[in-house]
Amino acid sequence: MVCRDIQESDFEPLAALERELLGQQPAHRYRCTPGALRFFSRSGHSFVALEAEEIMGVALAQAVWQGDQVTVLITRLLSRSDAATRALLGAVVKSAYDAGVYEVAIHVDPDNQTMRQALQDHGFQLGPLVLGVRVLGSRGERGEVSGVLE
């Protein structure tokens with residue numbers, strides 16, 4: 001498994017991967033759009049995982065400044081295999097360390113045991129914090145709170 005930076009030629013395959021793995025979702029749930037991928041491709045912390053030139057997964061991450069410290073926040077990690085998930089986590093952690101950023105965070109579905117195990121194997125601590133979400137506007141009125149920071 002090889003991880004590399006996101007390139008513009010990856011945009012269509014990444015959109016297809018996201019739709020394959022997430023299924024039919026409201027438009028706001030998809031992150032592999034051209035605008036978002038251009039942003040994440042410049043972040044220095046976002047990667048695609050390849051196996052025999054086939055895209056197996058993607059990690060979309062960015063540095064988030066908090067006044068006196070910085071955290072690399074993984075906002076989307078999708079993959080077709082456990083090996084791709086682990087390779088992507090390793091790539092993001094290495095990129096953060098190489099940039100002098102010593103915090104990496106990701107919000108995790110507590111029912112996703114595969115992701116939880118991969119994170120623990122990479123030294124992530126899980127919990128006990130809970131993400132509070134309030135969506136404003138018409139999406140909030142419809143009760144659409146999923147997809148925030150994921």
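Please refer to the structure higher up on the page.
Residues numbered from 1 in each chain as written. Predicted model: local features only at pLDDT ≥ 70, side-chain atom pairs only at ≥ 80, totals over all residues. Heavy atoms only, no water.

### A look at the overall build of the chain
- In terms of regular secondary structure, the chain is built from 5 helices and 5 strands.
- What you see for the chain is a C-alpha radius of gyration of 15 Å, in line with the 15 Å of a compact globule of 150 residues.
- Taking the principal axes of its C-alpha atoms as reference, the chain extends roughly 45 × 35 × 30 Å.
- Considering the chain as a whole, with its 150 residues, one finds that 35% of them fall into the buried category. (Helix = DSSP H or I, 4+ residues; strand = E, 2+ residues; numbered from the N terminus. Rg over C-alpha atoms; globule rule 2.2 N^0.38 Å. Buried < 20%, exposed > 50% of the residue type's maximum accessible area, 1.4 Å probe, protein only.)

### Remarks on the side chain of Glu 144
- Mapped onto the elements of the fold, Glu 144 is located in the segment after helix H5 (137–141).
- At 3.5 Å, the side chain of Glu 144 and the side chain of His 28 are in polar contact.
- At 2.8 Å, the side chain of Glu 144 and the side chain of Arg 142 are in polar contact.
- Beyond its immediate stretch of four places on either side in the chain, Glu 144 contacts His 28, Val 135 and Arg 139. (Polar contact = N/O pair within 3.5 Å; in protein donor to acceptor, adjacent residues only side chain to side chain. Contact = heavy atoms within 4.5 Å.)

### Thoughts on the side chain of Ser 43
- Along the chain, Ser 43 turns up in the loop between helix H2 (34–41) and strand S2 (47–51).
- Among the polar contacts listed, one links the side chain of Ser 43 to the side chain of Ser 46, at a separation of 3.2 Å.
- Every residue in contact with Ser 43, bar those within four places of it in the chain, is listed here: Ala 61 and Gln 62.

### So, a nonpolar patch on the surface
- Taken together, Leu 131, Val 133, Val 145 and Leu 149 make up a surface patch of nonpolar side chains, about 280 Å² in accessible area.
- Take Leu 149: it is sitting in the segment after H5. (Patch = residues over 30% accessible without salt bridge, like charges linked within 9 Å, V, L, I, M, F, W, Y side chains within 5 Å. Areas by Shrake-Rupley, 256 points an atom, 1.4 Å probe, with all protein chains shown as cover. Salt bridge = Lys/Arg side-chain N within 4 Å of Asp/Glu carboxyl O.)

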